[in-house]
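# Per-entry structural report
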Amino acid sequence: MSERQRDGYVVKDQLSHTEDLNKNYISQIIDDVESIIKHVPFLVEGEELRGEYQESYERVLGLFQQIEKEYNSLPDCIEIDFDIEEVKESLRSIFNGTYEKFIKKNLSVVFPENLAEVNIPEFCQAEEYVIPDVRRWQHANKIISPELADREYMRFIAEAREAVTKSLTKDGAFGLPDDFTITRPEYIPGNDGKMKLSSFLEDFKRRKLKEVEDEECNGINPEGDLKFANSVLEFIKSIKLPSEEELANQYKEATIKKNSPVVRSLAEFMAKEHLNESLDDALRVLSEKLNSYEVAPKIATESLNKAKKRKKQSRQDNCEVSDQDVQATEVNLKVGDYIELSHETFPWLDDEMAKVLYIKRSGNGVTVVVDARTEAAKRIEHRMSGYETKKKQKSILPSLYNKLKLAAEIVATSDSGLRDSWTTLRYRDKNKYPFSILSWKAQTSDALRMYVSHIAMDKVDDESVRKILEENGVTHLLMLLGACDKNNQEELLPVFTGRTRRIEAADGAGV
């Protein structure tokens, strides 16, 4: 087999070694049949039967001699004429598609759209720079309005993402290397018929060997051998080589299939390396911008005005009012604000700022729902089914939020809180999560889960935390700890329990 890469054509000198094998098989079978004809007089009793057997094997011999002639008329070599650049172009397309898919997927994780957060991937080294989350950044820069903090933070994120995208899509930034060696496939187009014939002949020889060992048969089976000879002759006559165009297409497809896995692996490897390098530069710049940020006078004024306007709003604008005629309580929070929580009382928190998600007023006072998820819990939540696209997120996120609102309403209207309707987690790391963890499970095939903790203001031992809750008019604090589907439960539970995934799975996680 030779390959003329220079002029773009591939030439096959031999289809395979199968031809020689088939010729040997046919020649051996002819010798065996001639030997049977000679030995029939000594192996078969009765002159009439002996004559019938000899006549049958004369016909078998004639058929195999015709088989030999038909087989020898088939071409021993074939030329496959095609432009190898077409194969390279297909492989380049596979490379580019895989590369771009890897980049897009990982960029959407690092810089989620419409979210003020950055998720540094494991393969990107981040020891040299620190990127504060938006809550800590807002607190450090004394930006009163969460909306303005999110807007400024997302502006820097957008700049970082654009820098990475430009770096990875500029001319010559990526592509299948010019020195990539194309591996030739073992598959030989146009040789299927001869390969199949080889298996037929091998089976026949094995059968004849068994018949020879059989004392009653002694290798003589004229009816079976005659039937087999006819079927082989018919099969050889049916063998047709594809046209030159068909051969070229078959060989190109086989070559592309042979090289595709290697090309995809190479694309992902190069994409990971390029993304790592580009992200490293962009995240370092982002870190410098965030950590050296100075609030512009315009931003500071806008933030202050929003804060003043919020204080003038009535309590009806700040929270949902119960139909019950309850005594008014001053609530100094609204959805989107942050409440400061001490690490001494809430040790699992990544920082001491928790975002307000929902407020419910009732006869039991004011219930405030806050986002108390760790970054580890968020990453696991983002892996569950329903986060792949914005369209899917529009379906899953409202249902989770509505369940959280319902939980708040239960806490706000029931003395027993969620204990009668939600399940208490049997195991938890009490040093890290000092409050009971309650869980809810959807009765659906994908089985979504949600985990929360609830405390009443008068149950908080930390005087400073109790004072913060009192000052903000909070009676019950409902903390969202995490959410997942059944496929990711065995990863999320260890965050709360401190146990291994294997133990959680053995204890029923993911069922």
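### A short note on the sheet that holds strand E9 (residues 476-484)
Reading across the sheet, the 7 strands line up as E3-E4-E5-E9-E8-E7-E6 and stay open at both edges, with mixed pairing between neighbours. Both edges of this open sheet fall to strand E3 (338-340) and strand E6 (423-424), since each of them pairs with a single strand only.

### Some thoughts on a negative patch on the surface
Together, Glu47, Glu48, Glu52, Glu55 and Glu58 give the surface a local cluster of negative charge. Along the chain, glutamate 55 turns up in helix H2 (residues 47-72). On the accessibility criterion, glutamate 55 (53% relative accessible area) is exposed.

### Side note on helix H14 (residues 489-497)
The element H14 is extensively covered by neighbouring structure, given that 7 of its 9 residues are classed as buried. Listed in full, the buried residues belonging to H14 are Gln489, Leu492, Leu493, Pro494, Val495, Phe496 and Thr497. Of the surrounding elements, those touching the buried residues of H14 are helix H11 (375-381), strand E7 (437-441), strand E8 (449-456), E9 and helix H15 (501-506). Phi for glycine 498, located one or two positions after H14, is positive at around 80°.

### A word on the packing of H2 against helix H7 (residues 222-238)
Interhelical geometry of H2 versus H7 gives an angle of 20° and a closest axis separation of 9 Å. Relative to H7, H2 is oriented roughly parallel. In the crossing of H2 with H7, the sense of the turn from one axis to the other is left-handed. Mapping the contact onto sequence places Tyr53, Ser56, Tyr57, Arg59, Val60, Leu63, Phe64, Gln66, Ile67, Glu70 and Tyr71 in H2 and Pro222, Asp225, Leu226, Phe228, Ala229, Asn230, Val232, Leu233, Ile236 and Lys237 in H7. Residues of the contact of H2 with H7, tallied by class, amount to 14 nonpolar, 3 polar and 4 charged.

### A word on the packing of aromatic side chains
Summed over all chains, the structure comprises 12 aromatic pairs. Where phenylalanine 95 meets tyrosine 99, the ring centres are 6.1 Å apart and the plane angle is 25°; that geometry is what we call stacked. Taken together, the residues span about one helical turn, with phenylalanine 95 and tyrosine 99 both in helix H3 (residues 84-110) at a distance of 4 residues. Note on accessibility: phenylalanine 95 and tyrosine 99 belong to one class, buried. Ring centres of phenylalanine 204 and phenylalanine 228 lie 4.3 Å apart, and the angle between their planes is 5°; this geometry places the pair in the stacked category. One end of the pair, phenylalanine 204, is in helix H6 (residues 192-213); the other, phenylalanine 228, is in helix H7, and 24 residues separate them in sequence. Through a chain of ring-to-ring contacts, the aromatic side chains of Phe346, Trp348, Tyr433, Phe435, Tyr451 and Phe496 assemble into a single cluster. Against the face of phenylalanine 156 rests arginine 155, its NZ or CZ located 4.6 Å from the ring centre. One Lys or Arg, arginine 499, reaches over the ring of tyrosine 427 and ends 4.0 Å from the middle of that ring.

### Some points on the pattern of salt bridges
One pass over the full model with this rule turns up 19 salt bridges. The closest approach of N and O atoms between glutamate 162 and lysine 166, which form a salt bridge, is 3.4 Å. Taken together, the residues glutamate 162 and lysine 166, both in helix H5 (residues 146-169) and 4 residues apart, mark about one turn of the helix. We classify glutamate 162 as partly exposed; its relative accessible area is 44%. In this structure, aspartate 280 engages arginine 284 in a salt bridge whose closest nitrogen and oxygen atoms are separated by 3.1 Å.

### So, the nonpolar core
Core analysis: the largest hydrophobic core is formed by 42 residues, its most contacted members being Leu91, Phe111, Val118 and Tyr153. For this core, the secondary structure elements donating two or more residues are H3, helix H4 (134-140), H5 and helix H8 (244-291). At 11 residues, the largest contribution of residues to this core is made by H8. If we ignore the near neighbours within four places in the chain, the residues touching valine 118 are Val110, Phe111, Ile131, Tyr153, Ile157, Leu283 and Leu286. Counting 35 residues, the second largest nonpolar core, distinct from the first, contains Leu425, Tyr451, Val460 and Leu493.

### Observations concerning the environment of leucine 438
Checked against the element boundaries, leucine 438 lands in strand E7. The buried category is assigned to leucine 438, whose relative accessible area is 4%. On a C-alpha basis, the gap between leucine 438 and leucine 480 in space is 9.9 Å, while along the polypeptide they are 42 residues apart. When near neighbours in sequence (up to four residues on either side) are disregarded, leucine 438 contacts Leu418, Trp422, Thr423, Thr424, Met450, Tyr451 and Val452.

### What to know about the pairing of E9
Of all the 9 residues making up E9, 9 are buried; the element is thus mostly covered by neighbouring parts of the structure. Sheet analysis places strand E5 (residues 365-371) next to E9, joined by 5 bridges and oriented parallel. Note on E9: the bridge partner recorded for aspartate 371 is leucine 480. Two elements, E8 and E9, share 8 bridges in a ladder whose sense is antiparallel. Within E9, the position partnered with arginine 449 by the bridge is cysteine 484.

### Digging into H5
The end-to-end C-alpha separation of H5 is 34 Å, in line with the 34 Å expected for 24 residues at 1.5 Å each. Listed as buried for H5 are Pro146, Leu148, Ala149, Asp150, Glu152, Tyr153, Phe156, Ile157, Ala160, Val164 and Leu168.

### A closer look at the pairing of E5
Taken across its 7 residues, E5 has 7 buried, putting it largely inside the fold. With 7 bridges connecting them, strand E4 (residues 353-362) and E5 associate as antiparallel partners. Bridged to tyrosine 358 within E5 is valine 369.

### Some thoughts on the confidence of the model for the chain
Detailed reading of the predicted model is not advised wherever pLDDT is low. Here the chain shows a mean pLDDT of 77. Residues at 70 or above account for 81%. Scored below 50 in pLDDT, residues 1-19 makes 55 contacts in the model with residues more than four places away or belonging to other chains. Segment residues 296-304: pLDDT under 50, and 12 contacts once partners within four positions in sequence are set aside and those in other chains are kept.

Definitions and limits used
Residues numbered from 1 in each chain as written. Predicted model: local features only at pLDDT ≥ 70, side-chain atom pairs only at ≥ 80, totals over all residues. Heavy atoms only, no water. Pairing = 2+ DSSP bridges. Helix = DSSP H or I, 4+ residues; strand = E, 2+ residues; numbered from the N terminus. Patch = residues over 30% accessible without salt bridge, like charges linked within 9 Å, V, L, I, M, F, W, Y side chains within 5 Å. Areas by Shrake-Rupley, 256 points an atom, 1.4 Å probe, with all protein chains shown as cover. Salt bridge = Lys/Arg side-chain N within 4 Å of Asp/Glu carboxyl O. Lys, Arg positive; Asp, Glu negative; His and termini not counted. Charge placed at Lys NZ, Arg CZ, Asp CG, Glu CD. Buried < 20%, exposed > 50% of the residue type's maximum accessible area, 1.4 Å probe, protein only. Contact = heavy atoms within 4.5 Å. Axes fitted to C-alpha atoms, helices over the stretch in contact; angles between N-to-C directions. Parallel < 35°, antiparallel > 145°, perpendicular 65-115°, else oblique. Left-handed = near helix turned anticlockwise from the far one by under 90°. Nonpolar A, V, L, I, M, F, W, Y, C, P; charged D, E, K, R; others polar. Phe/Tyr/Trp six-rings, centres within 6.5 Å; stacked < 30°, edge-to-face > 60°. Lys NZ or Arg CZ within 6 Å of the ring centre and 35° of its normal. Core = buried A, V, L, I, M, F, W, Y, C linked by side-chain atoms within 4.5 Å. Expected span 1.5 Å × (residues − 1). pLDDT = per-residue confidence, 0-100.

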